[in-house]
Amino acid sequence: MSQINQDDKVKPIDFSTKAHYLTKAFRSPFYSRQEPLNHLKEWGRWADYLSPHAYTCSGIEYFAARNACTVFDLTPMTKYHISGKDALPFLNRLVTRDVSKIKPGRVGYCCWCDDAGQVIDDGTIFHLSENTYRLCSQERHMDWLMTNTLGFDVLLSEETHNVAALALQGPTSCATLKRMGLDGIENMKLFDIRHFNFEDTQLMVSRTGFTGYLGYELWIDPEHAEVLWDRLFEAGNLHGIKPMGDEALQMLRVEAGFIQAAHDFMPANATIRTGHTRSPFELGLGWLVDFKKPVFNGRRALLEEKKRGHRYNLVKLDIDGNKPGCDSYVFTKNKKRVGTVTSATWSPSAKASVALASLEAPHGKPGEELLVEIYYQKELKWSRVMAKARVVKEVFFDPPRKRQTPPADF
Amino acid sequence: MTEINNQIVIIGGGHNGLVCASYLAKAGKQVTVLEAAGQVGGAAITREFAPGFKVSAGAHLLFMLDKTVCKELSLESAGLSFSQQNMTSTALAEDGNHLMIAGDSLQGANISSADQAAMKEYRRFMNRFAGIINRLNNRIPPRVGTKNRSDWIGLAKTALDVRMLGRDDMREFLRIAGINIYDILQENFENPLLKGALSLDGVLGTNLGPRSNNSVFCALHRLSGLQGMAVPRGGMGAVSNTLAMVAKQHGATIRTSATVSRILMDGDRVSGVELQDGEQITARTVVSNADPKKTFFDLLGARNLEAGFARRIQNIRMRGNVAKLHLALDGVPDFNGLNQNQLADRLLIAPDLDYVERAFNHSKYGEYSVKPVAEISIPSLHDDSLAPPGKHVLSAVVQYAPYQLKAGWSEEKAVLTDKVIDLLAAYAPGIRSQLVHKELLTPVDIENEFRISGGHWHHGELAIDQFLMLRPVPHSAQYASPVNGLFLCGAGSHPGGGVMGSAGRNAAHAVLGAKDIEGENS
């Protein structure tokens, strides 16, 4: 049987410097730079970390991400380091897609299920080097990952606190990084990973993000977090760089059609009620399921589901009017309730009220006309509108620059 | 292709594997049984442990053999016979004032008339409740939460069985089924010897003390054979040899000294097995009589399973807590107050309930009992094939002896052996001078000799949470495993341990009715 070892290369965290016992939350390694920029002085919580909802105004931050570039602190995102002889078979049994197709130096999107074929979380696999991977996700999964090590020779450790990370997203992000001195950054393709020498340390850059636009994620040891922030803002000064909080990110990711655990689906291992979880097919992630693999968690159940048909469809809705349809019921034109909106926003770029919704199958075919029951408040007075909505196939914001290599300069 | 489809490999020639082989061969399948040991039988064997002395090395009494299996496979006409049947249980007292328990009648030990009356009532309801379990034994367990018709019928049948007990008995059944036997015996009886002896029904072969919950359930399971205690002529090996003979008559091939080292996979289904010497045997169906941990982890490999299922298998409670003592004696042992006829009874050392509970206490902390309990049989008194003339063999189940002994078994084994002989000497003072040879099997020895993970006789603790559709774990409790073509047929599956053969029979039915979950590459 396999032994679960802590990777001895990972440095233990010195909690004495974190003052987390005073704040009940960690301060990000970027805190000293975030704090003066956070004009609202409001902090939210992301996992164990303080994380700003917005620094100034989520609207301004949103437009900066779509028209210039923004810096979002990714450090709280859960990060696992997986290495050892069986790292690949371990990951291949864990997630539904074929991980062998993610070559060293590449990133792949994935989701993973329990035995019942219900999605536990989605995330990204970074193939750092031969037999060495980083798995990033929204939720914490140490227990499930450890369960998965049975029979595999892998080293598994959590490195959330050991890696400082920033997302630099927006059309001027490439230009900013080039100005910061990352030669050849423009040649990175979507999902590429590169390493750069930076201030006597190594800066890892991946062309990834959660905004659906040109963007990069920057990974560095926490000791160099502040200098990275400083150099980035120095270089981005003429490119309209701004710090960005979580509220703007939510608008961006819904526009881009990205789902998020605990918003658009319940993590299966944290869900008590039967029927409240979703399979990959029910989240539009069927393309991530590779039945050619002889074994992966959920395979048997998903094969059965394929035969039986699935219960739900996750769809994108284009809703009439300008009221975001958060938490709304979705009805057919005959007023039959067929689902709920899971995420919604006003999309300034698409000039539309857009949403992700989970509908009972067979509802949700592109073009289907539905009604969304939206409650909204104006100065304490509530109103209700049954807004017309259409199921759309394409994401609401999908500029060519997202995939261009080298990306068009700005 | 048809020929390959027809081929079935059974891993392990224990009694369940052999029963399964008979049924499958009868149905026209081409069955090969692969037994790692030099003889068939698994833990139901007779073997020599000293020159001229033979003993049932694992199980030593037969009381649960499935009557349906007996009938359908005509075991008695195939030569299965008994040297003893409907044995009396004798609860030994150090002063020689023993208690004889024969069915519901009690004798000796100054037993009160109240106890005698209570015993009749106790046997009545225990046998009635055991009947419910008996009817579950030779069914494939229904699954819970499906829309499948046969699952619903199976569940309804059991519910109806319970309802048909009538109001009072149903209430009593539901009250006691999950609790401990200590309380039940205290409620019903006065005599300490009687209570001690009856408590063994709930704890023999398990990791339970009389005060552990599930001990009533274990007693009911033990009684669910609805038959008396018996000793097969020639020892337990005779049962296995008869089963092997019947299997061969039906056309099964049985190979001994053929150790399976792994189960082979082709995509998402089994394709055969590989033996230790490298030989590969192709089969689209592999049925494992090995315990679930051995089957899924050692033979198949955890990485061929989905993680939630693997975790469940890992969490099966199966650590043996029983040692087995074999003594070769150069004469009839002289137990205080027992004549030679009584000596051939099932002899119990469990003088009172607290004695048994105290014996169990040690095992919770990784120690063996300072004063163990024992179930003793001297089969050679009625079977001269087991020992040279005038000499005898004594076989004893000894509790408690934990698999994970804190001090380790290498040196402690000899100490425990001596302690158990001392214990016997308290009842049979001359026994030490009659010793020709002694052998003690610790749970570790049992693991090694019979290839049972953790040395647990029942291939997993018998408990309500490891029974029926939960045995060994959900998604393999209907004998089909989550791996296409791989089935379980051993005591790790419903209805569990004891030499029954029901699991083997049920598994055969499951194999014959099975369908694969078809993947894109299968």
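Residues numbered from 1 in each chain as written. Chains lettered and ligands numbered in written order. Predicted model: local features only at pLDDT ≥ 70, side-chain atom pairs only at ≥ 80, totals over all residues. Heavy atoms only, no water.

### Describing the overall build of chain B
No. 1: The helix and strand tally for chain B stands at 17 helices and 20 strands.
No. 2: Scaling as 2.2 N^0.38, a compact globule of 522 residues should have a C-alpha radius of gyration of about 24 Å, and chain B matches this with 22 Å.
No. 3: Referenced to the eigenvectors of the C-alpha coordinate spread, the extents of chain B come out at roughly 70 × 60 × 50 Å.
No. 4: Going through the 522 residues of chain B one by one, you find that 61% of them count as buried.
No. 5: Pairs at least 24 apart in sequence give 73% of the contacts found in chain B among residues at least 6 apart.
No. 6: Within the structure as shown, chain B displays about 19500 Å² of accessible surface, and the carbon and sulfur contribution to it stands at 48%.
No. 7: Computing the positive centroid from 51 side-chain charges and the negative centroid from 51, chain B places the two 5 Å apart. (Helix = DSSP H or I, 4+ residues; strand = E, 2+ residues; numbered from the N terminus. Rg over C-alpha atoms; globule rule 2.2 N^0.38 Å. Buried < 20%, exposed > 50% of the residue type's maximum accessible area, 1.4 Å probe, protein only. Contact = heavy atoms within 4.5 Å. Areas by Shrake-Rupley, 256 points an atom, 1.4 Å probe, with all protein chains shown as cover. Lys, Arg positive; Asp, Glu negative; His and termini not counted. Charge placed at Lys NZ, Arg CZ, Asp CG, Glu CD.)

### So, the environment of Glu306 of chain B
No. 1: Along the chain, the position of Glu306 of chain B falls in the loop between α11 (292-300) and α12 (307-314).
No. 2: Sequence separation of Glu306 of chain B and Gly498 of chain B is 192 residues, and the distance between their C-alpha atoms is 30 Å.
No. 3: Discounting residues that sit within four places of it in the chain, Glu306 of chain B has contacts with Arg93, Asp115, Val295, Phe296, Asn297, Gly298, Arg299 and Arg300 of chain A.

### Details of the pairing of strand β17 (residues 373-377) of chain B
Residues and elements named next belong to chain B.
No. 1: Within β17, five of the five residues are buried, which leaves the element mostly enclosed by the surrounding structure.
No. 2: A two-sided burial pattern is seen for β17, the buried positions comprising Val373, Glu375 and Ser377 on one face and Ala374 and Ile376 on the other.
No. 3: In terms of strand pairing, β17 meets strand β18 (residues 392-399) through five bridges, oriented antiparallel. Bridging from a neighbouring strand, Glu375 pairs with Val397 of β18. (Pairing = 2+ DSSP bridges.)

### What about the domain arrangement of chain A?
All names here are of chain A.
No. 1: Once the domains are mapped, chain A shows domain 1 (15-75 + 161-256) and domain 2 (311-394).
No. 2: Its C-alpha centre places domain 1 at a distance of 32 Å from the equivalent point of domain 2.
No. 3: Residue-level contacts link seven residues of domain 1 with eleven residues of domain 2.
No. 4: Our count for the domain 1 to domain 2 interface comes out at zero salt bridges.
No. 5: Our count for the domain 1 to domain 2 interface comes out at four residue pairs in polar contact (both at pLDDT 80 or more).
No. 6: Only α3 (58-67) and α8 (246-256) provide two or more residues apiece to the side of domain 1 that touches domain 2.
No. 7: Per element, the largest residue contribution to the side of domain 1 that touches domain 2 is four residues, and it comes from α8.
No. 8: Each residue belonging to the side of domain 1 that touches domain 2 can be placed in one class, and the counts come to four nonpolar, no polar and three charged. (Domains from an automatic or database assignment. Salt bridge = Lys/Arg side-chain N within 4 Å of Asp/Glu carboxyl O. Polar contact = N/O pair within 3.5 Å; in protein donor to acceptor, adjacent residues only side chain to side chain. Nonpolar A, V, L, I, M, F, W, Y, C, P; charged D, E, K, R; others polar.)

### Notes on the nonpolar core
Residues and elements named next belong to chain B.
No. 1: Of all hydrophobic cores here, the largest spans 89 residues; its most connected members are Leu99, Tyr122, Leu194, Phe335, Ile349, Ile376 and Leu394.
No. 2: The biggest single contributor to this core is helix α4 (residues 113-137), with ten residues.
No. 3: Once residues lying within four places of it in the same chain are set aside, the contact partners of Leu194 are Leu99, Ile101, Leu106, Ile111, Asp115, Met119 and Phe189.
No. 4: Judged by nonpolar contacts, the second largest core, of 42 residues, contains Ile8, Leu24, Leu73 and Ala230. (Core = buried A, V, L, I, M, F, W, Y, C linked by side-chain atoms within 4.5 Å.)

### What about the sheet that holds strand β12 (residues 215-220) of chain A?
All names here are of chain A.
No. 1: Taken together, the six strands give an open sheet; going across it, the order is β10-β11-β12-β9-β3-β13, and neighbouring strands pair in mixed fashion. Single-partner strands in this sheet number two, and they are β10 (193-198) and β13 (241-243). Mean inter-strand twist for the sheet, computed between neighbouring axes without regard to direction, equals 25°.
No. 2: Of the pairings in the sheet, the one linking strand β9 (residues 164-169) to β12 comprises six bridges and is antiparallel in character. Bridge pairing links Leu168 to Tyr216 in β12.
No. 3: Contacts between helix α7 (residues 225-236) and the sheet are confined to β3 (69-73), β9, β10, β11 (201-206), β12 and β13, with β13 contributing the most and set at about 140° to the helix. (Axes fitted to C-alpha atoms, helices over the stretch in contact; angles between N-to-C directions.)

### A word on the pattern of salt bridges
No. 1: Counting across every chain of the model gives 44 salt bridges over all chains.
No. 2: A salt bridge links Glu199 of chain A to Arg231 of chain A, with the shortest nitrogen-to-oxygen separation between them at 2.5 Å. Here Glu199 of chain A is found in the loop between β10 and β11, whereas its partner Arg231 of chain A is found in helix α7, with 32 residues between them in sequence.
No. 3: By relative accessible area, Glu199 of chain A is classed as partly exposed at 36%.
No. 4: Note that Asp418 of chain B and Arg432 of chain B form a salt bridge whose closest N and O atoms lie 3.8 Å from each other. With a gap of 14 residues between them, Asp418 of chain B in helix α15 (residues 409-427) and Arg432 of chain B in the loop between α15 and β19 (435-441) connect regions that are remote in the sequence.
No. 5: Of the residues examined, Asp418 of chain B reaches a relative accessible area of 32% and is grouped as partly exposed.

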